[in-house]
Each structure stands twice: as C-alpha cells, then as structure tokens.
Amino acid sequence: MVRFSSHSGQPMFIEEPLLSENPEGIAALAQVTTIPIALGERLHSRWDMKPYLGIVSIFQPDVCHVGGISELRRMAVMAEAYDAALAPHCPLGPIALAANVQVDAVSANFAIQEMSLGIHYNAGSADITNYIKDASVWDVKDGYIDVPTGPGLGIEVDEEQIRAVGKVKSWRSPTFQGPNGEWREW
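Remember, it's a predicted structure, so these values are computed and weren't measured experimentally. (Residues numbered from 1 in each chain as written. Predicted model: local features only at pLDDT ≥ 70, side-chain atom pairs only at ≥ 80, totals over all residues. Heavy atoms only, no water.)

## Quick word on helix α2 (residues 23–31)
- Of all the positions in α2, only Gly25, Ile26 and Leu29 are classed as buried. End-on, the buried residues of α2 take up no more than an arc of 100°, which puts them together on one face. Exposed side chains of α2 directed beyond 90 degrees from the buried face belong to Glu24 and Gln31. (Buried < 20%, exposed > 50% of the residue type's maximum accessible area, 1.4 Å probe, protein only. Helix = DSSP H or I, 4+ residues; strand = E, 2+ residues; numbered from the N terminus. Arc of directions from axis to C-beta.)

## Description of the nonpolar core
- Among the nonpolar cores identified, the biggest contains 31 residues, and Met49, Tyr52, Phe59, Leu97 and Trp138 are the most heavily contacted of them.
- Elements supplying a minimum of two residues to this core: α2, β2 (37–39), α4 (69–81) and α5 (94–105).
- The element best represented in this core is α5, accounting for six residues.
- Ignoring anything within four residues of it in the chain, the contact list for Met49 reads Leu43, Phe59, Met75, Met78 and Ala79. (Core = buried A, V, L, I, M, F, W, Y, C linked by side-chain atoms within 4.5 Å. Contact = heavy atoms within 4.5 Å.)

## So, unusual backbone geometry
- Positioned with a positive phi, Glu16 is a non-glycine residue whose angle comes to about 40°.
- Structurally, the position occupied by Glu16 is in the loop between β1 (14–15) and α2.
- We classify Glu16 as buried; its relative accessible area is 14%.

## Topic: the pattern of salt bridges
- This model, assessed by the stated rule, comprises six salt bridges.
- Of the charged contacts, one joins Arg74 and Glu71 as a salt bridge, the two residues approaching to 3.3 Å between their closest N and O atoms. One end of the pair, Arg74, and the other, Glu71, are both in helix α4, three residues apart, so they sit about a helical turn from each other.
- Given the relative accessible area of 9%, Glu71 is considered buried.
- Linked through salt bridges whose partners overlap, the residues forming this network are Arg46, Glu71 and Arg74. (Salt bridge = Lys/Arg side-chain N within 4 Å of Asp/Glu carboxyl O.)

Shown next, in the form of structure tokens:
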C-alpha cells in the first residue's frame, strides 16, 4: 500500500501505519517509502517518543494524553532537534484545541493542526464550537485559524452550557463499527 501511494501522488504523510508499540516495524517501513510517517497520538511522554526520533518525520502528540501544555511543548522541542515536524492530534474539544494552538504558535517545527470541526464522530452531539462563548475563534479562513488572543488559552468556556449538558446525560467515548459490524478504533 505504501509503495502504491508513492506512485499515485504524494500524500502529506502516512498516519500511524503501525501501532506505536512496534518501533522496529515503523523503522522498517520508513526504509521502503519516501512518504513521511506521522505517529504519536498514542505516545504519552518524551520517553515514549525516543525510539522514533530520527525515524518518524511528523510527531502527533495529544495534549490531553501527554499531560498538558508543558509536556507537549517539550515533545515539540525534542522533535525539532531531530528535524521532525509537529502536527498535534486533537479530537477532544475546544479546550484541548486552544491548548494545542498556543503550543503550535511557539513551535518552529509546527506543520498542521488537527481539529474536529464538523467531523463525523461529532454528528448529532457537540462540536468544538458548542462549549465556548465565541465560536468565531475557530473560523477557518483559507485553511487557517487565528491564534486565540483572549486571556489564558484565548477562549472563554461557556460554563452554563457545560453544566446544562452535564445534567442531561453522561458523555461516552464514541465507538465505531465497520460495514460488516467489526469494531474500529478512532
């Protein structure tokens, strides 16, 4: 599949082609493709990154999984030292996205930011615009968003709306099934 992709146009990257528990496989795959390999949403610290430095071209740590802004920033700097780009993973809402964007803005190796605006797993539930007072902070113009400039992370959380939703139902992590009923991870 990687070889086929190489001949049918150059994608920006291959995202997590193997599980992060398989550094030897990632290293072997990197030897047979010119397509950059992106990995990192399952990594939880700088120490988890170490086996991939010099192999992975784009790191995708998740600010919620790594413990916050400080560790995400340390991971960005560590990746930069190995000429690897930063493309933070972010499906978890407006606060996580605001935290990522603040790190993106100060990281020389920032490449692209994932955001879940209008994505399929938000259909019928909340989106990143639901729990903040000014949803225009996530307006996309020509493929870009502005760095929020308000206090703190740059967004104002709508605490009243969060309390109201919390009374209605508990949030459950979405699950996905394929066309044949098989479970798929997200």
